[in-house]
Amino acid sequence: MTNTYIESFPAEAKVVRAAFYSSFLALAIGGLFGIIQTLHRTGYYRFIDSADYYTVLTAHGVFLVITFTIFFLVAIFTWAITTSLDRPVEDIRFTWFWYGLMVLGTILAAVPILAGFTDSEMSASVLFTFYAPLQGHPLFYVGLVLFVVGTWLAGADWFRSWLAWKQENPDERIPLPTFMVLTTMLMWYIATLGVAAAILLFLLPWSLGIIESVNPLLTRTLFWFFGHPIVYFWLMPAYMMWYIMLPKISGGKLFSDPLARVVFVLFLILSVPTGIHHQYLDPGIAEGFKFIAMTNTMFLLLPSLLTAFTVVASMEHGARQRGGSGYLGWLKALPWRDPVFAGMALAGLMFAAAGFSGMINAGMNINYLVHNTFWVVGHFHLTVGTGVALTFMAVTYWFLPQVTGKALWNRSVALGQVVLWFVGMTFMSNAMHRAGLLGIPRRTAEPQYEGFEFEAAVGSVGELDAQIALGGLLLTLSLVLFFANIIGTVLNNRSDDLPANGYADTLSGPSDAPLVLDNLKLWTAIAIVLVIFAYTFPLLSIIERGGLFGPELNELPVSIGLGLEYLWTTVVTTVTSGVDTAIAIITGVR
Ligand code: HEM
Ligand SMILES: [Cu+2]
């Protein structure tokens with residue numbers, strides 16, 4: 001008996017496993033489209049029509065940043081809740097229900113996306129940001145809605161577990177992993193209101209033909225209301241693993257539980273009121289509102305800097321427990337040969353680099369230089385594409401044995417895989433950042449204008465393209481190794497030497513954290529107030545200028561407006577032609 005998750009929670013392990021497999025499938029499909037578009041836009045190997053590029057890009061974006069990440073995080077959140085509260089879910093049928101809803105939503109959204117490759121009328125090549133005036137088939141929006149509702153119910157499942165636990169343990173502090181899950185979900189509930197409004201009130205009725213037009217700026221603003229915080233929805237689970245697993249795997253303890261709580265509270269209150277920083281170049285939003293969003297954004301650096309400090313301090317503690325010494329000498333004592341550790345540590349390192357390009361994106365004036373260029377793509381392949389994705393892949397090597405009861409197929413291949421991702425991303429992302437500085441655009445199959453040369457201060461565009469393609473190939477190879485390991489693990493019969501389920505102890509525990517940190521109602525209220533402050537005036541002014549449903553329509557119902565106009569024109573033309581005729585008769589011209 002090794003006390004794995006599947007032994008302690010056999011029923012939950014099945015749902016968690018299903019969610020993992022869904023996530024991996026999305027990663028495989030998304031990754032395949034990734035390499036296709038890389039080779040296409042760098043010109044190395046083209047076999048799709050450039051006109052299909054948007055379909056490829058939509059599939060890449062949606063499958064990776066919505067399906068892969070979110071299925072993975074609901075899996076580890078379910079694990080975190082049940083493990084840290086040490087109780088099964090209240091009703092496993094409900095757990096299967098929300099998982100099923102997410103699967104159904106994914107399939108409904110995937111059908112029109114993939115139909116973009118066929119001759120059918122159906123298509124949703126609208127990119128993962130699905131802004132108007134790009135319009136997708138209604139199924140796409142319906143699928144998204146069901147998927148999001150699935151995540152809402154997942155959150156309800158976890159809140160329910162926590163409330164049941166609380167009744168039995170009224171005086172205990174919320175266990176840290178549960179605290180992290182709950183704050184993340186509160187943030188998600190607030191954030192998804194924006195996208196729910198955008199889809200249900202505007203985009204879906206518009207694609208069904210119920211309303212004729214939408215106000216693009218309004219729907220864009222509602223999208224970014226959700227589009228910025230969704231990056232924390234990907235990131236907070238990765239942070240959770242850095243806080244609760246990395247110290248343990250390093251051989252030590254989490255440096256500070258209270259600090260970890262502060263970080264998650266800061267994410268809850270600061271994530272949503274910053275979305276306008278994606279709209280610095282949108283006309284129609286006053287500079288002042290953009291400036292406020294920029295200030296809020298700069299505050300958001302704080303929880304990430306606190307995380308860097310806490311996580312590195314915990315790793316140092318682990319290394320010193322293992323006999324490491326010296327100012328930097330302790331780094332050598334870390335378990336670099338363990339793929340779970342190495343993957344997470346490298347992901348964290350890349351994420352730090354992403355912090356720097358992120359600060360540049362966040363600055364209102366310097367953003368103008370890199371906006372919509374390849375720089376941005378370089379940036380988020382470091383954040384979500386590595387900080388999050390590499391962490392998820394690395395922890396899979398720990399989780400898969402937990403939920404299948406089978407030993408990892410090959411640790412060396414796993415180690416090679418995470419290192420290869422790091423190296424591949426170094427090539428691809430660095431070159432993308434540089435390409436952006438030359439003004440090379442993102443989201444296009446044909447970045448090179450006819451008769452136009454991008455001027456490189458150092459190197460050349462050809463050299464950048466070569467690095468991007470090389471990086472993309474290494475990443476694809478890394479994915480192949482990842483899947484080989486997953487399949488090898490699932491198919492093997494070895495169940496020796498499994499790690500026990502559990503997470504890191506703390507040096508400074510929950511009892512050191514001020515009680516107020518656990519007051520989730522207070523933090524939610526503050527989060528909502530900040531959102532109201534940040535968004536009321538921009539939204540009002542957008543609606544005032546552009547109308548709720550776009551500039552062509554006003555508040556009067558269309559039929560009455562047109563009817564009155566028609567009546568008026570008829571009267572005027574009849575009268576004028578009558579007068580004309582009368583004058584003609586009188587003057588005898590006829
Ligand atoms: C095999 C690995 C990957 C390769 C080769 C790759 C390559 C690319 C390229 C070249 C683009 C830019 C296309 C353009 O703007 O014209 C892109 C866009 C994108 N990638 Fe990746 N990528 C990979 C993995 C990932 C991962 C793991 C994620 C996230 C988890 C991700 C998320 C995205 C997103 C969100 C976009 C933007 C889509 C859009 O503009 O609508 N990629 N990728
Ligand atoms: Cu943002």
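The residue numbers shown here count from 1 along each chain, following its written sequence. Chains and ligands are labelled by the order in which they are written, letters from A for the one and numbers from 1 for the other. Totals for whole chains, interfaces and linings use every residue, but because this is a predicted model, local features are given only for residues with pLDDT of at least 70 and side-chain atom pairs only at 80 or more, for both listing and counting. The basis for every side-chain value is the complete set of non-hydrogen atoms in the structure, without hydrogens or water.

- Per an unreviewed UniProt entry, the protein is named Ba3-type terminal oxidase subunit I, and its organism is Natrialba magadii.
- UniProt positions are given in the numbering used here, feature names are shortened, and annotations may be inferred rather than shown by experiment. UniProt, in its Subcellular location (unreviewed entry) section for the protein, records the words "Membrane".
- Database annotation for the protein, UniProt heading Sequence similarities (unreviewed entry): "Belongs to the heme-copper respiratory oxidase family."

**Looking at the coordination of the iron atom of ligand 1**
Now for step 1: Sites may look incomplete because water is not among the atoms; the donors themselves are N, O and S atoms within 2.8 Å of the metal, or within 3.2 Å for Na, K and Ca. Protein coordination at the iron atom of ligand 1 comes from H60 (NE2) and H381 (NE2), with a distance range of 2.0 Å.
Now for step 2: Residue H60 is classed as buried on the basis of its relative accessible area of 13%.
Now for step 3: For every residue, the accessible area (1.4 Å probe, protein chains only) is compared with the maximum for its type, and the residue is labelled buried under 20%, exposed over 50%, or partly exposed between those bounds. We classify H381 as buried; its relative accessible area is 14%.

**Some words on the confidence of the model for the protein**
Now for step 1: Known as pLDDT, the predictor's per-residue confidence is scaled from 0 to 100. Averaged over every residue, the pLDDT of the protein is 92; the share at 70 or more is 96%.
Now for step 2: Only heavy atoms enter the contact rule, under which two residues are in contact if any of them lie within 4.5 Å. Per-residue pLDDT stays below 50 along residues 553–563; that stretch engages in two contacts with residues further than four places along the chain or on separate chains.

**Describing the coordination of the copper ion (ligand 2)**
Now for step 1: The protein atoms that coordinate the copper ion (ligand 2) are H228 (ND1), H277 (NE2) and H278 (NE2), at distances of 1.8 to 2.1 Å.
Now for step 2: Counting residues between consecutive donors of the copper ion (ligand 2) along the chain gives the motif H-x48-H-H. Remark: H277 occurs in the loop between α10 (257–270) and α11 (287–299) and H228 occurs in the loop between α7 (216–227) and α8 (229–244); sequence separation between them is 49 residues. For the pair formed by H228 and H277, the shared burial category is buried. Put simply, DSSP H or I for four residues or longer makes a helix, DSSP E for two residues or longer makes a strand, and each gets a number counted from the N terminus.

**Remarks on α7**
Now for step 1: One less than the number of residues in a helix, times 1.5 Å, gives the span that helix is expected to have. Under the 1.5 Å per step criterion, the end-to-end length of α7 is 15 Å for twelve residues, consistent within 8% with the ideal 16 Å.
Now for step 2: Of all twelve residues making up α7, eleven are buried, and the element is well covered by its neighbours.
Now for step 3: If you check which residues of α7 are buried, you get L217, L218, T219, R220, T221, L222, F223, W224, F225, F226 and G227.
Now for step 4: Against α6 (176–207), α8 and α18 (520–546) lie the buried residues of α7.
Now for step 5: For α7, the N-terminal cap is N215; the gap from its side-chain oxygen to the backbone nitrogen of L217 is 3.1 Å. Definition of a polar contact: a pair of N or O atoms within 3.5 Å, with one able to donate and the other able to accept a hydrogen when the atoms are protein atoms, and with sequence-neighbouring residues admitted only if both atoms are side-chain atoms.

**Quick word on the environment of P339**
Now for step 1: On the secondary structure map, P339 appears in helix α13 (residues 339–362).
Now for step 2: Exposure remark for P339: the relative accessible area of 1% places this residue in the buried category.
Now for step 3: Counting along the chain gives 75 residues from P339 to A414, while the straight-line C-alpha distance between them is 5.8 Å.
Now for step 4: Those residues in contact with P339, other than ones at most four positions away along the chain, are A394, Y397, R411, A414, L415 and V418.

**Describing the UniProt feature "domain: Cytochrome oxidase subunit I profile" (unreviewed entry) in the protein**
Now for step 1: Following the UniProt record, one finds the feature "domain: Cytochrome oxidase subunit I profile" (unreviewed entry) at residues 20–484.
Now for step 2: Taken end to end, residues 20–484 is 72% helix and 1% strand, and its first and last C-alpha atoms sit 15 Å apart.

**Re α11**
Now for step 1: Here α11 spans 19 Å end to end across 13 residues, near enough to the 18 Å set by a 1.5 Å rise per residue.
Now for step 2: Along α11, the positions that sit buried rather than exposed are K290, A293, M294, N296 and T297. Buried positions in α11, seen along its axis, are confined to an arc of 165° and lie on one side of it.
Now for step 3: The inward-facing, buried residues of α11 abut α12 (301–321), α13 and α14 (364–370). Along the arc lie the directions from the helix axis toward the C-beta atoms.

**What about the site of ligand 1?**
Now for step 1: Note on definitions. A residue lies near a molecule or strand when any single heavy atom of the residue is within 4 Å of it. Neighbouring ligand 1 are 26 residues; R41, Y53, H60, H381 and R443 lie closest to it.
Now for step 2: In this structure, a nitrogen atom belonging to ligand 1 sits 2.7 Å away from a side-chain N or O atom of H60.
Now for step 3: In this structure, T444 approaches ligand 1 through a main-chain N or O atom, which is 3.4 Å from an oxygen atom.
Now for step 4: Sorting the residues of the shell around ligand 1 by element identifies α2 (10–41), α3 (53–85), α15 (374–404), α16 (411–437) and α17 (461–491) as the ones contributing at least two each.
Now for step 5: In terms of residues, the shell around ligand 1 owes the most to one element, α15, which gives six residues.
Now for step 6: Looking at the shell around ligand 1 residue by residue, the class counts come to 14 nonpolar, nine polar and three charged. Each residue is assigned to one class: nonpolar for Ala, Val, Leu, Ile, Met, Phe, Trp, Tyr, Cys and Pro, charged for Asp, Glu, Lys and Arg, and polar for all the others, Gly among them.

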